[in-house]
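Analysis of the macromolecular model
Below are the chains, spelled out letter by letter.
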Amino acid sequence: ETGVTQSPTHLIKTRGQQVTLRCSSQSGHNTVSWYQQALGQGPQFIFQYYREEENGRGNFPPRFSGLQFPNYSSELNVNALELDDSALYLCASSLTVNEQFFGPGTRLTVL
Amino acid sequence: GDSVTQMEGPVTLSEEAFLTINCTYTATGYPSLFWYVQYPGEGLQLLLKATKADDKGSNKGFEATYRKETTSFHLEKGSVQVSDSAVYFCALLNNAGNMLTFGGGTRLMVKP
């Protein structure tokens, strides 16, 4: 069984640019959640998608947006990048409420 | 809103020592509680969970008991190993079941 995968592993962008991060959920999981983890801190919830619909959003501005596809994979898009967006972005997939399985993350550096 | 507070690290122990990492929470209702572990350069792995009061979650020698009266979920292990060195996160799941709220993490370093 393939776990949660994320791409790319690392990327470097400059302020004002846009970025797209990708996540493939674990087989059969219909729910994907995205989290931002700044260095030395705990992850913060960005949003969740369930069967292609947004199912909850954390305290992040609208320039953070997402998509979920029919195969339940997902994208996180961030527009107008700021220096503070530098972080590890984690994707988690789940089938039941009490089991979220995390991917290895994408390390984003904004210069 | 919901919040999780855990003891600050780093916690440095010798191999075979007893481990306790404190975690307390604030939430409405009775959230499910979790401990996740993060090894260097990796994502989060679910270590254990408890979904109702007085439940004890356990895995790989780690245990935590859901204490509603003290709103706590402290992580314990009787004898740590060097391979347990990692960052440990306490988390709760909100009533809607869609958002995990994490504590700030506690770094554990185990010396041989």
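One can find the structure itself at the top, above this paragraph.
Presented here is a report on the structure given in the accompanying data block. Given the structure is predicted, the values throughout are model-derived calculations rather than measurements. (Residues numbered from 1 in each chain as written. Chains lettered and ligands numbered in written order. Predicted model: local features only at pLDDT ≥ 70, side-chain atom pairs only at ≥ 80, totals over all residues. Heavy atoms only, no water.)

Observations regarding the sheet that holds strand β9 (residues 75–77) of chain B
All names here are of chain B. Strand order in the open sheet formed by four strands is β3-β9-β8-β7, and the pairing between neighbours is antiparallel. If you trace the sheet from one side to the other, it starts and ends with β3 (19–21) and β7 (56–59), each paired once. Taken pair by pair, the neighbouring strands of this sheet meet at an average axis angle of 15°, ignoring direction. Summarising the sheet, strand β8 (residues 62–65) and β9 pair through three bridges and their orientation is antiparallel. When the bridges of β9 are listed, Ala-64 appears paired with Leu-75. (Pairing = 2+ DSSP bridges. Helix = DSSP H or I, 4+ residues; strand = E, 2+ residues; numbered from the N terminus. Axes fitted to C-alpha atoms, helices over the stretch in contact; angles between N-to-C directions.)

Brief notes about the sheet that holds strand β7 (residues 64–68) of chain A
All names here are of chain A. The strand order β1-β3-β8-β7 describes an open sheet built from four strands, whose pairing is antiparallel. One side of each edge strand has no neighbouring strand; the edge strands of this open sheet are β1 (5–7) and β7. Adjacent strand axes in the sheet meet at a mean angle of 20° when their direction is disregarded. Sheet analysis places β1 next to strand β3 (residues 19–24), joined by three bridges and oriented antiparallel.

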